[in-house]
Amino acid sequence: MRNYKATGVVLHTLKYGDNSLVVFMLTDLKGRASFMVRGVKSGRGGNKLALFQPMFVVEFEAVSSPKAQMDTLRDVHSALPLESLPFDIVKSTIALFMAEVLYRLVRDVEPESPLFDFVCNVVQSLDEAQSGVANFHLKFMVELARHMGFYPSGDYREGDVLDIREGVFVGAEPAHGAAMSVENSRTLARFMQTDFDSLDTVPMNRTSRDAFLSAMLEYFDYHLDSVRNIRSVEILRTVFG
């Protein structure tokens, strides 16, 4: 048996028996990994359970054993105190969406990956955000494409469309027909040039926001084929409706 300490971002949990959880996290030390958490409802377990919410960042000590299918978490505590995210319905819904997307997409990740730092920074930015929150998940998808290896390329010019297959802005719809609309391509270019703390400068309404999210999911689905039927999309639509 071996003990080690690491930091992780919670992506998903599954109930295991009456008093345990399987927790899937993106970690600094082991990339994506799953852990057994026992006694979540007994004694001080209630506090432990509250830590495993979507996109919460935790520090933990784990025990690795060659006889066990997954490592077991022991000491767990918050690594990033959150002041608004857990209590703001819009922010917590966005966190749920981001966690589900990462859970679906992130499989084989190297330890100490830049993706881990990006995700931690995104959580902090969301917690601190005071404006433009309704656009936050859209910017997240744009930047996640960079870390997944298909960030759009080419210089955008007014009227261009994004060739979904090639991931490049082009002046006319490609022959294969897989392209974002002119409107969504323009929005994509705006988000590529906008920081997380300036998202309120990208003008969006419910209709345009929903259309752009659908376009980004289509773009991800073409390159990774693993983001279909994201359940939290409907929750986002309800919250922003």
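Model, not experiment: these values are computed from the prediction.

Reading guide: rules and limits
- Residues numbered from 1 in each chain as written.
- Predicted model: local features only at pLDDT ≥ 70, side-chain atom pairs only at ≥ 80, totals over all residues.
- Heavy atoms only, no water.
- Helix = DSSP H or I, 4+ residues; strand = E, 2+ residues; numbered from the N terminus.
- Rg over C-alpha atoms; globule rule 2.2 N^0.38 Å.
- Buried < 20%, exposed > 50% of the residue type's maximum accessible area, 1.4 Å probe, protein only.
- Areas by Shrake-Rupley, 256 points an atom, 1.4 Å probe, with all protein chains shown as cover.
- Lys, Arg positive; Asp, Glu negative; His and termini not counted.
- Charge placed at Lys NZ, Arg CZ, Asp CG, Glu CD.
- Axes fitted to C-alpha atoms, helices over the stretch in contact; angles between N-to-C directions.
- Parallel < 35°, antiparallel > 145°, perpendicular 65-115°, else oblique.
- Left-handed = near helix turned anticlockwise from the far one by under 90°.
- Contact = heavy atoms within 4.5 Å.
- Nonpolar A, V, L, I, M, F, W, Y, C, P; charged D, E, K, R; others polar.
- Phe/Tyr/Trp six-rings, centres within 6.5 Å; stacked < 30°, edge-to-face > 60°.
- Lys NZ or Arg CZ within 6 Å of the ring centre and 35° of its normal.
- Core = buried A, V, L, I, M, F, W, Y, C linked by side-chain atoms within 4.5 Å.
- Expected span 1.5 Å × (residues − 1).
- Polar contact = N/O pair within 3.5 Å; in protein donor to acceptor, adjacent residues only side chain to side chain.
- Pairing = 2+ DSSP bridges.

Attention now moves to the overall build of the protein. In terms of regular secondary structure, the protein is built from seven helices and seven strands. For the protein, the N- to C-terminal ordering of α and β elements is β-β-β-α-β-β-α-α-α-β-β-α-α-α. By the compact-globule yardstick of 18 Å for 241 residues, the protein fits well, its C-alpha radius of gyration being 19 Å. Counting over 241 residues, the protein shows a buried share of 49%. Element-wise, carbon and sulfur atoms account for 46% of the exposed surface of the protein, whose accessible area totals about 12,300 Å². In the protein, the 25 positive side-chain charges and the 31 negative ones have mean positions that sit 9 Å from each other.

The N-to-C vectors of helix H2 (residues 89–105) and helix H4 (residues 136–148) enclose an angle of 20 degrees; their axes lie 10 Å apart at closest approach. Looking at the two axes, H2 sits roughly parallel to H4. Handedness of the H2/H4 crossing: right-handed. Across the interface between the two elements, Ile94, Phe97, Met98, Val101, Leu102 and Leu105 of H2 pack against Phe136, His137, Phe140, Met141, Leu144 and Met148 of H4. Residue composition of the contact of H2 with H4, grouped by class: 11 nonpolar, one polar and no charged.

Applying the stated criterion across every chain, the model contains eight aromatic pairs. Measuring from centroid to centroid gives 5.4 Å for Phe150 and Tyr219, while their planes differ by 85 degrees, and the two rings are edge-to-face. Placement of Phe150 in the loop between H4 and strand S6 (161–163) and of Tyr219 in helix H6 (residues 206–224) is noted, with a sequence separation of 69 residues between them. The class for Phe150 is buried, based on a relative accessible area of 9%. Owing to a relative accessible area of 0%, Tyr219 belongs among the buried residues under this scheme. Three or more aromatic residues link up through ring pairs in this structure, and these residues are Phe150, Tyr219 and Phe220. Note that Arg107 overlies the ring of Tyr103, its terminal NZ or CZ placed 5.9 Å from the centroid. Lying across the ring of Tyr151, Arg146 places its NZ or CZ 3.9 Å from the centre.

Residues Met55, Phe97, Met98, Phe140, Leu144 and Met216 are the most contacted members of the largest nonpolar core, which totals 64 residues. Of all the secondary structure elements, the ones that give two or more residues to this core are strand S1 (2–16), strand S2 (20–27), H2, helix H3 (114–128), H4, helix H5 (182–192), H6 and helix H7 (232–240). Other than its neighbours up to four places away in sequence, Met216 contacts Met141, Val142, Met180 and Leu188. Counting 17 residues, the second-largest nonpolar core is a separate cluster that includes Val10, Val23, Leu51 and Leu73.

Okay, the side chain of Glu143 next. Positionally, Glu143 belongs in helix H4. A residue is classified by how much of its surface remains accessible, and Glu143, at 10% relative accessible area, is buried. Not counting chain neighbours up to four residues away, the residues in contact with Glu143 comprise Phe118, Tyr151 and Phe196.

This brings us to H2. Compared with an ideal rise of 1.5 Å per residue, which puts 17 residues at 24 Å, H2 spans 24 Å between its outermost C-alpha atoms and is within 8% of the ideal. The buried fraction of H2 amounts to 12 of the 17 residues, a majority that puts the element mostly inside the structure. Where H2 begins, one side-chain oxygen reaches toward the backbone nitrogen of Val90, 2.9 Å away; that side chain belongs to Asp88.

With that settled, the discussion passes to the pairing of strand S4 (residues 57–64). In terms of residue burial, S4 counts as a mostly covered element, since six of its eight residues are buried. Of the pairings in the sheet, the one linking S1 to S4 comprises eight bridges and is antiparallel in character. Its bridge partner being in S4, Arg2 is matched across the sheet by Ser64. With five bridges connecting them, S4 and strand S5 (residues 71–78) associate as antiparallel partners. Paired with Ala62 across the bridge in S5 is Leu73. Connecting S4 to the antiparallel partner S5 that follows it, the hairpin turn spans six residues.

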